[in-house]
Amino acid sequence: MKETVGIVLAGGLSRRFGSPKAFAKLRNKYFYKIAVEAMSASCDEIVIVTLPELMERFGNGENLMADKVEYAGLGPLAGILSAMESVEANRYVVLPCDMPFIDDKAISKLITLHNECVTAVISDGRYHPLVSIWDTQMKNAVKEALKNNQLSVMKLLSISNTAWVQGSVLTDDEKRMFTNVNTPETLERG
């Protein structure tokens, strides 16, 4: 069993963005690559969870998977559980591909502060439940939520032992670092 596995969530439909965000670029680097690099120093293995139709667009050598069939199309919790069931670890670092300003130092600090079932970020009054660390013991709770068609990450975290870490503890530039890029204009402002 591995100590820490990274999960890059790169399977969203990107409706507002207009194209798959995993392949958007910042400083000539794909968003998904930025997420992988942010976790590389802290994780024993990194899994990119994406849509089956996008798999061929990723670079060779990437550790790719789609949601397990029984969870397909059920959102971020499906991606998290699919990765948890595929690679055993004590904890999982979760990062969506559409937060390209997050760096390895912030991820490392978040891991250091992890002391509950889930540790996630709150920044400038906004919750970022997918910038988080999940203990393996959350696997059953995620499975139960999906079984009951409860797809909200926030709802699951509200009934779990979750510690919320202020973004300002992780970086001096939290407004930028925790920007979720939902439109091309957001990236231009970042």
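Scroll up to find the structure.
Heads up: these notes are all about the structure in this document. Small disclaimer: the values here were computed from a predicted structure and weren't measured.

Considering helix H2 (residues 76-86)
Judged by how many residues are buried, H2 sits mostly within the fold: eight of 11 residues are covered. Three or more residues of H2 are buried, namely Leu-77, Ala-78, Gly-79, Ile-80, Leu-81, Ser-82, Ala-83 and Met-84.

A closer look at the packing of aromatic side chains
Overall, the coordinates contain six aromatic pairs when judged by the stated rule. Measuring from centroid to centroid gives 4.7 Å for Tyr-127 and Trp-164, while their planes differ by 80°, and the two rings are edge-to-face. Residue Tyr-127 is located in strand S8 (residues 126-135), and its partner Trp-164 is located in strand S9 (residues 162-166); the two are separated by 37 residues in the primary sequence. Judged by its relative accessible area of 28%, Trp-164 falls in the partly exposed class. The side chain of Lys-25 reaches across the aromatic face of Tyr-30, ending 4.9 Å from its centre.

Observations concerning the pairing of strand S7 (residues 118-123)
Most of S7 sits out of view: six of its six residues are buried. Residues Val-118, Ala-120 and Ile-122 of S7 are buried on one face, and the alternating residues Thr-119, Val-121 and Ser-123, pointing to the opposite face, are buried as well. One ladder, built from six bridges, connects S7 with S8; its direction is antiparallel. From the neighbouring strand, Thr-119 faces S8, where its bridge partner is Ile-133. Judged from the five bridges that link them, S7 and S9 form a sheet pairing that is parallel. In the sheet register, Ala-120 faces S9, and the bridge partner there is Trp-164.

Topic: the sheet that holds S7
Taken in spatial order, the seven strands line up as S5-S4-S1-S6-S8-S7-S9 in an open sheet, and their pairing is mixed. Among the strands making up the open sheet, the edge pair consists of strand S5 (64-65) and S9.

Rules and cut-offs
- Residues numbered from 1 in each chain as written.
- Predicted model: local features only at pLDDT ≥ 70, side-chain atom pairs only at ≥ 80, totals over all residues.
- Heavy atoms only, no water.
- Buried < 20%, exposed > 50% of the residue type's maximum accessible area, 1.4 Å probe, protein only.
- Helix = DSSP H or I, 4+ residues; strand = E, 2+ residues; numbered from the N terminus.
- Phe/Tyr/Trp six-rings, centres within 6.5 Å; stacked < 30°, edge-to-face > 60°.
- Lys NZ or Arg CZ within 6 Å of the ring centre and 35° of its normal.
- Pairing = 2+ DSSP bridges.

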